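Working through the structure, step by step
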Number of protein chains: 2
Amino acid sequence: MILPSILESARHWVRQALSPGGIAVDGTCGNGHDTLFLAERAGPDGMVYGFDIQQEALSKTRERLHAHGMTERVQLFHAGHERMHELLPSELRGRIDAFMFNLGYLPKGDTRVVTRPETTLAALETATEWLTPGGIISVCLYTGHPGGREEADAVLHFASHLPPGAFQVMHQQLPNRREAPSLLVLEKRNRPRSSSRD
Amino acid sequence: MILPSILESARHWVRQALSPGGIAVDGTCGNGHDTLFLAERAGPDGMVYGFDIQQEALSKTRERLHAHGMTERVQLFHAGHERMHELLPSELRGRIDAFMFNLGYLPKGDTRVVTRPETTLAALETATEWLTPGGIISVCLYTGHPGGREEADAVLHFASHLPPGAFQVMHQQLPNRREAPSLLVLEKRNRPRSSSRD
């Protein structure tokens, strides 16, 4: 296949913003697949911070990182991503290369524990502020679970109001698949520009 | 910038389906930029067919191809793309690697002459049928001109009803830019599969 899946696509864009030695945040560790991806990409000189409200998710993530010998370059927080701004080292403000969010519930976990619009939006506010110029934020949106559509709408509303002179925003959807996830990608411009031409 | 423009993105996907020696169709020659791109990519052993209802567009396209020494590998038709199925060599049915459509009006031309939902849908029907397995159709959609929104909706309705076992469909939008074009990409699967998992 030429066209990538939504999850492959998220990694494709993040890979281009995150070089070895870079700094990344996984806003939703889940089973740790993206945390591991970020840790591999950031390399031994980079640093990754991961957040999850479920102990089960952090255990799986830690296990996965351990199996790949990558625990040292990752710091995990048992906290919701809305607390990023108080838990991340303050000297990283404006210096983070990539943020990844995979919304909804923990795959194979308790489907009643889901991300919520208010906390997701708070985390995205922090992410847009703490992102380095040229950095990327990826957000996988799911609409198949109760509250998913409302959360996706809230996130898209937020993204569609980011000033075009400061952020390039792209939304990728798979319109012939029911309840397929979609991908939102935010890129902070290197040089903010007047939005008059947008 | 990491995120591409809609036009760059269309070429990115088409490039992966069209190799030297391949066959492509430009459904809307316009000023000939995409026709030239397809001719360069198809190479001296490939073949490109171009359609436009405006003589002005074909003249500009011919001029552009001539300036790059690529007239021999391109055949232009002064006809609407809805007539593809009667004008393309019938032995190419199911063997075309890529189709490109750039809807709306001719840039710098008469803005009252625009593509229309009925003829665009007829062309897309042919394109999905004549495309080779693994091939790509790109469609740039514009909503800023009268009738643009209706045409975009009709095309998206068509694409969202393609069977997911036969076509992978992706829609890329720029949600924080008013009246920005969007990109629809259709990929024909190499092996049709049951759609039960989609």
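Everything below is about the structure printed above this text.
The following refers to the structure shown.

Calculation criteria
Residues numbered from 1 in each chain as written. Chains lettered and ligands numbered in written order. Predicted model: local features only at pLDDT ≥ 70, side-chain atom pairs only at ≥ 80, totals over all residues. Heavy atoms only, no water. Contact = heavy atoms within 4.5 Å. Buried area = accessible area lost by both parts, 1.4 Å probe. Helix = DSSP H or I, 4+ residues; strand = E, 2+ residues; numbered from the N terminus. Nonpolar A, V, L, I, M, F, W, Y, C, P; charged D, E, K, R; others polar. Phe/Tyr/Trp six-rings, centres within 6.5 Å; stacked < 30°, edge-to-face > 60°. Buried < 20%, exposed > 50% of the residue type's maximum accessible area, 1.4 Å probe, protein only. 1 Å grid on protein atoms, 1.4 Å probe; cavity = no way out; pocket = protein on both sides within 12 Å on 5 of 7 lines; lining within 4 Å. Points joined across faces, edges and corners; volume = space filled by probe spheres on them.

Below, the discussion takes up the interface of chain B and chain A. With 30 residues of chain B at the contact, the number on the chain A side is 30 residues. The junction of chain B with chain A conceals about 3000 Å² of combined surface from both sides, 60% of it contributed by carbon and sulfur atoms. Broken down residue by residue, the surface that chain B buries against chain A is led by Ile2(B), Leu3(B) and Asn176(B), which jointly contribute 26%. Listing elements by their share of the side of chain B that touches chain A, those giving two or more residues are helix 1 (6-17), strand 5 (131-141), helix 6 (148-160), strand 6 (167-173) and strand 7 (182-188) of chain B. Counting residues per element, the side of chain B that touches chain A draws most heavily on strand 6 of chain B, at seven residues. Here the residues of the side of chain B that touches chain A are counted per class, giving 18 nonpolar, eight polar and four charged.

A few words now on the packing of aromatic side chains. Residue and element names in this part refer to chain A. Under the defined criterion, the tally for this structure stands at four aromatic pairs over all chains. Ring geometry for Tyr49 versus Phe77: centroids 6.5 Å apart, planes at 15°, classification stacked. Of this pair, Tyr49 sits in strand 2 (residues 47-52) while Phe77 is found in strand 3 (residues 74-78), placing the two residues 28 residues apart along the sequence. Both residues of the pair, Tyr49 and Phe77, count as buried.

For the rest of this paragraph, the subject is empty space enclosed by the protein. Residues and elements named next belong to chain A. Tallied over the entire structure, the rule returns one cavity of 30 Å³ or more. Of the volumes computed, that of the largest cavity is approximately 40 Å³. Along the walls of the largest cavity sit Leu7, Ala10, Arg11, Asp34, Met100, Phe101, Ser138 and Cys140, which together make up its complete lining. The element contributing the most residues to the lining of the largest cavity is helix 1 (residues 6-17), with three residues. The class makeup of the residues in the lining of the largest cavity is five nonpolar, one polar and two charged.

Keep in mind that these numbers describe shape and distance, not what the molecule does.
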